[in-house]
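# Structural features, examined
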Amino acid sequence: MDEKPSFWVRHEFLLRRLHSLTGLVPVGAYMVIHLLTNASIWNGPASFQAAVYQIHSLGRLLPVIEWTFIFIPILFHGLYGLVIISESQPNSGTYPYVSNIRYTLQRATGLIAFLFIGWHVFHMHGWIHSEAWRQLIDPWGGQFAPFNAASTATAAMQQSMWVSVVYVVGVAACVYHLANGIWTMGITWGLWTSPAAQRRADWVALAVGVVVFALGISAWSGFALRVDADDPQAMEAMRAVEQRMLERRLHEGLVTEEEARHKTAHRSGPRAESPEAVTSPGQAQEP
Ligand code: HEM
C-alpha cells in the first residue's frame, strides 16, 4: 500500500526556498539594521535615543510590524531550520573537510542563534507586556526601557560578566550563520554552481562576515565598554540626556504621559540602579 508523503516532503521545494529567503530578508537584513542602530550609541546617548524614538513613533503599528517582519519570519526560519537539522545526514564521505565543518557549523550556529535570540528578547524586552509579568521576571528580563534607551541597555549589558559573554557568543553565532548562509543560499537558488564561482562566493561570504561582526562588536562594546554602569555620574549624565529628550517630546505632544509611564525606567533592578535619579515624566528640568 502506498503511504502518502508527509506535509514536509510534499512541500519541501517551496519550504526550502522560503526558508532560504527569510534568512536573508527580513531576518538577516533586520539583524544588520538592528546592529547599526545599536552601534549608533557611539555617537552618544542622544543619537541612540533618537533612533529608538523613531522606531516607537510607529505607535500602535509597532507590534504589527514587529510580528510581521521580525518575530514570525524568525520563528519560521528557526523552526523549519530545526526540521532541516533533524533530517540532516552525516556527510563526511561526501564533502571535502572544510565544507563539512562549515555544514556542521551552519547547523550549530543556527541552534545557538535561535536560543540566543529567544533569551535576548526576554532579557531586553521581557516577551510580554504586562505589569504583573514584568515584576515577576525582574531583574532577569525586560531590562530595556525604550525612553531610557542608552542607560538601560548599558546597565543590562553590564548586568554580569556572563551576560556580556553570552552577547558576544550569540552575536558571533548569528553573524557566522548569516555569512555562511548567504553562501548556501547561492547553492539553493543556483547562483554559484561552478567550483570557480563557489570560490568567489567564499570571499563574498567572508567579507559579509567580517563587516557584520565588526558592526556587532561595535554595538556590544557601545553598551559593554563605552560607559561604566557602576559609575553613578556617567549613568546620571546619560539619564539626564534621556530625560530632556522625553520632556521635549511630552511638551510637543509626540508622547503621552501614559506612554511615558510605560516606557521609562521606574522599577528596581539594574536598569534603575538609582531610582531617585529617574524622575517621573512631569518632574524633569528643562536644559
Ligand atoms: C550587541 C548586540 C545587540 C544589542 C546591544 C541588542 C540590543 C537590543 C535591544 C536594546 C532590544 C530591545 C528593543 C525594544 O524592546 O524596543 C533588542 C531587541 C531585539 N533584538 Fe537585539 N541586540 C543585539 C544583537 C541582536 C542580534 C544579533 C539579533 C539577531 C537577529 C537580535 C535580535 C533582536 C530581536 C528579534 C529583538 C526584538 C525586536 C523587537 O522587540 O522589536 N539582536 N535588541
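Scoring rules and cut-offs
- Residues numbered from 1 in each chain as written.
- Predicted model: local features only at pLDDT ≥ 70, side-chain atom pairs only at ≥ 80, totals over all residues.
- Helix = DSSP H or I, 4+ residues; strand = E, 2+ residues; numbered from the N terminus.
- Buried ≥ 20, exposed ≤ 12 C-beta atoms within 10 Å, placed from the backbone.
- Contact = placed C-beta atoms within 7 Å.
- Near = placed C-beta within 6 Å.
- Nonpolar A, V, L, I, M, F, W, Y, C, P; charged D, E, K, R; others polar.
- Core = buried A, V, L, I, M, F, W, Y, C linked by C-beta atoms within 7 Å.
- Axes fitted to C-alpha atoms, helices over the stretch in contact; angles between N-to-C directions.
- Parallel < 35°, antiparallel > 145°, perpendicular 65-115°, else oblique.
- Left-handed = near helix turned anticlockwise from the far one by under 90°.
- Expected span 1.5 Å × (residues − 1).

What follows is about the overall build of the protein. Along the backbone of the protein there are 11 helices and zero strands. Reading the protein from its N end, one meets helices and strands in the order α-α-α-α-α-α-α-α-α-α-α. A buried classification covers 29% of the 287 residues belonging to the protein. Intrachain contacts of the protein at a sequence separation of at least 6 include 72% that bridge at least 24 residues.

Once that is clear, we can look at the site of the ligand. Near the ligand, the surroundings consist of 21 residues, among which Met31, Met124, Cys174, Ala219 and Trp220 are the closest. Those elements that place two or more of their residues in the shell around the ligand are helix H2 (12–39), helix H4 (61–87), helix H5 (97–125), helix H8 (161–188) and helix H9 (195–224). Residue contributions to the shell around the ligand peak at five residues, all from H5. In terms of residue class, the shell around the ligand is made up of 15 nonpolar, five polar and one charged.

Turning next to the nonpolar core. Across soluble globular proteins, you tend to see nonpolar side chains buried next to one another. By size, the foremost hydrophobic cluster in this structure holds 44 residues, and its most contacted members are Ala153, Cys174 and Val175. Of all the secondary-structure elements, those providing two or more residues to this core are H2, helix H3 (45–56), H5, helix H7 (149–157), H8, H9 and helix H10 (232–251). The leading source of residues in this core is H8, at nine residues. If we ignore the near neighbours within four places in the chain, the residues touching alanine 153 are Phe144 and Phe223.

This next bit is on the packing of H2 against H4. At their nearest, the axes of H2 and H4 sit 9 Å apart, and the two run at 135° to each other. In terms of orientation, H2 and H4 fall into the oblique class. Considering only the axes of H2 and H4, their crossing is left-handed. Packed against H2, whose contacting residues are Leu15, His19, Thr22, Gly23, Pro26, Val27 and Tyr30, the element H4 presents Phe69, Ile70, Pro73, Ile74, Phe76, His77, Tyr80 and Gly81 at the interface. Looking at side-chain class alone, the contact of H2 with H4 contains 10 nonpolar, five polar and no charged residues.

Right, let's talk about the environment of valine 208 for a bit. For valine 208, the position within the fold is in helix H9. Separated by 26 residues in the primary sequence, valine 208 and isoleucine 182 place their C-alpha atoms 8.8 Å from one another. Sequence-distant contacts of valine 208, defined by excluding residues within four places in its chain, comprise Ala179 and Ile182.

Look at H10: 28 Å from first C-alpha to last across 20 residues, which is about the 28 Å you get at 1.5 Å a residue. On its buried side, H10 packs onto H3, H7 and helix H11 (257–263).

With that settled, the discussion passes to H9. With 30 residues, H9 extends 42 Å from end C-alpha to end C-alpha; this agrees with the ideal 44 Å at 1.5 Å per step. Among the structural elements, H2, H7 and H8 are those in contact with the buried residues of H9.

Interhelical geometry of H8 versus H9 gives an angle of 160° and a closest axis separation of 9 Å. One element, H8, and the other, H9, form an angle in the roughly antiparallel class. For the pair H8 and H9, the crossing hand works out as right-handed. Along the lines of polarity and charge, the residues of the contact of H8 with H9 split into 18 nonpolar, five polar and one charged.

Within the secondary structure layout, asparagine 180 lies in helix H8. Accessibility expressed as a C-beta count within 10 Å gives 21 for asparagine 180, which makes it buried. Between the C-alpha atoms of asparagine 180 and aspartate 202, which are 22 residues apart in sequence, the distance is 8.4 Å. What asparagine 180 contacts, discounting residues up to four positions off in sequence, is Arg102, Leu105, Gln106 and Ala205.

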